[in-house]
Amino acid sequence: MNTFGKRLRLSTFGESHGVAIGGILDGLPAGVRIDEEYLQSELDKRKPGGKYATNRKEDDKVEILSGVFDGFSTGHPIGFMIKNSNQHSKDYDNIKELFRPGHADFTYYHKFGIRDHRGGGRSSARETAVRVAAGAIAEMMLGEFGISVKSGVFGVGLDDAKKVDFEFAKTSEIFCLDKNKDEAWKEIILNAKNSGDSVGATILSVISGVPVGLGEVLYDKLDAALAGAFMGINGVKAVEIGDGIEASKANGSSNNDLMDKNGFKSNHAGGILGGISNGQDIIIRSYFKPTPSIFMDQPTLNVNGDEVICALRGRHDPCIGIRGSVVATAMARLVIADMLLLNASSKLENLKKIYC
């Protein structure tokens, strides 16, 4: 599927080394102020370049094509485009007919019968720039309700943060959440890069200001929608909400979030009960695998079933989780905005506020 969401729907198009990538965001209410400078600033967080990411140089300038008039959404589809300007397709000529280990080459080829070797084509994480742009637009609506999403790198390799500081993460080149880990994690990433290898990462996302009641039971629970959205990000192999795996090791007496007149006394549930938001912060951890594009000779197969050696060239992120943290923020924004719109008609009294 190339379309995401139910009331707020994002359809994306384009390939890694095509002319452009882009999207159509349909379902945003009319009257939302569209801040194009903010939109571009969010894309700038994700764009390639720098010591800790791929050397591919893309401006990632977003061009809005429709759905905005005089700085406000019109209620019609918002079309936007990001041109690709720095493709090095020749870097992939030597792997034109082989399957890169750890990539989607093998599965895409067997599903579609076409091998787009230029950076992975549609399966490339290049497409996530579109999600970041759409997420930034969704945030413009969420801001009207005091809802915000923050993400940062909680761990690199085997080393996790001891303290979480989202303000520091804004200043860190790798969006590190623990200032005491920043230099150590940079060293881990550079060591992997210099040895032709890669490293995984853990991302922490926190959604604040969410009202009670978001989530469409039984088959579109808020936690299920968030987990699905995060698992749809390139390289994510696991997602936890609240205590996650640790909840399976606990007793009910310690895992239950007790309440008093001031509200919940803990947040083991991560802000979601029965698939519906409970008004607390929604806590999500997503786990990114190491970048499969590494500069080591690896045995694999080609399209003819012959055993060959994969020797990559080109430009690749040594840790996809870094830029992935920006994508995680975008996907959370899109899910919450969609759920906010869906929830508007959950009660008769809501409709009466509009029509009576």
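Let me begin by describing the structure that accompanies this report. (Residues numbered from 1 in each chain as written. Predicted model: local features only at pLDDT ≥ 70, side-chain atom pairs only at ≥ 80, totals over all residues. Heavy atoms only, no water.)

Re the sheet that holds strand 9 (residues 159-160)
How we decide: A pair of strands counts as paired when DSSP detects no fewer than two bridges linking them. Think of it this way: any DSSP run of H or I at least four residues long counts as a helix, any run of E at least two long counts as a strand, and we number them from the N terminus.
Strand order in the open sheet made by the five strands is 9-8-10-16-11, with antiparallel pairing throughout. Across the chains shown, the open sheet's two edge strands, defined by having one partner strand only, are strand 9 and strand 11 (236-241). Strand direction decides the pairing type here: strand 8 (residues 148-156) and strand 10 (residues 201-208), joined by eight bridges, are antiparallel. When the bridges of strand 10 are listed, Val-149 appears paired with Ile-207.

Concerning the packing of helix 3 (residues 128-142) against helix 8 (residues 320-343)
Short version of the rule: All axes here are fitted lines through C-alpha atoms, helices being fitted over the stretch that makes contact, and every angle between N-to-C directions spans 0 to 180 degrees. Any angle that is under 35 degrees is reported as roughly parallel, and any over 145 degrees as roughly antiparallel; angles of 65 to 115 degrees are reported as roughly perpendicular and all others as oblique. Take the far helix as your reference; a near helix turned counterclockwise from it by less than a right angle gives a left-handed crossing, and one turned clockwise gives a right-handed crossing. Note on definitions: a residue-residue contact is assigned when non-hydrogen atoms from the two residues lie within 4.5 Å. Any residue outside Ala, Val, Leu, Ile, Met, Phe, Trp, Tyr, Cys, Pro, Asp, Glu, Lys and Arg is labelled polar, Gly included; the first ten of those are nonpolar and the last four are charged.
Running from N to C, helix 3 and helix 8 point in directions that differ by 45 degrees, and their axes come no closer than 8 Å. As the angle between them shows, helix 3 and helix 8 are arranged oblique. Note that helix 3 runs across helix 8; the crossing there is left-handed. On helix 8, the residues touching Thr-128, Arg-131, Val-132, Ala-134, Gly-135, Ala-136, Ala-138, Glu-139, Met-141 and Leu-142 of helix 3 are Val-326, Val-327, Ala-330, Met-331, Arg-333, Leu-334, Ile-336, Ala-337, Leu-340 and Leu-341. Looking at the contact of helix 3 with helix 8 residue by residue, the class counts come to 15 nonpolar, two polar and three charged.

Re the pattern of salt bridges
Proximity of charged atoms lets side chains of opposite charge pair with each other. This is how the line gets drawn: Counted as salt bridges are all cases of a side-chain nitrogen of Lys or Arg within 4 Å of a carboxyl oxygen of Asp or Glu. Only protein chains enter the accessibility calculation, which uses a 1.4 Å probe; a residue is then buried when its area is under 20% of its type maximum, exposed when over 50%, and partly exposed in between.
Within the structure shown, the criterion is met by 18 salt bridges. Between Glu-167 and Lys-170 there is a salt bridge, with the nearest N and O atoms lying 3.1 Å from each other. Of this pair, Glu-167 and Lys-170 both sit in helix 4 (residues 166-171), three residues apart, roughly one helical turn. Classification of Glu-167 by relative accessible area gives exposed; the value is 51%. Put simply, Glu-42, Lys-45, Glu-139 and Arg-333 are held in one network by salt bridges that share partners.

Overview of the nonpolar core
Put simply, the rule is: The definition of a nonpolar core used throughout is a set of buried Ala, Val, Leu, Ile, Met, Phe, Trp, Tyr and Cys residues joined through side-chain atoms within 4.5 Å.
In this structure, Ile-207, Leu-222, Leu-226 and Ile-282 are the most contacted members of the largest nonpolar core, which totals 79 residues. In terms of residue count, the dominant contributor to this core is helix 8 (16 residues). With sequence-adjacent residues up to four places away left out, Leu-222 is seen in contact with Leu-214, Gly-215, Ile-272, Gly-275, Ser-277, Ile-282, Val-335, Ile-336 and Met-339. Tyr-92, Ile-95, Leu-98 and Leu-312 belong to the second-largest nonpolar core, a separate cluster that totals five residues.

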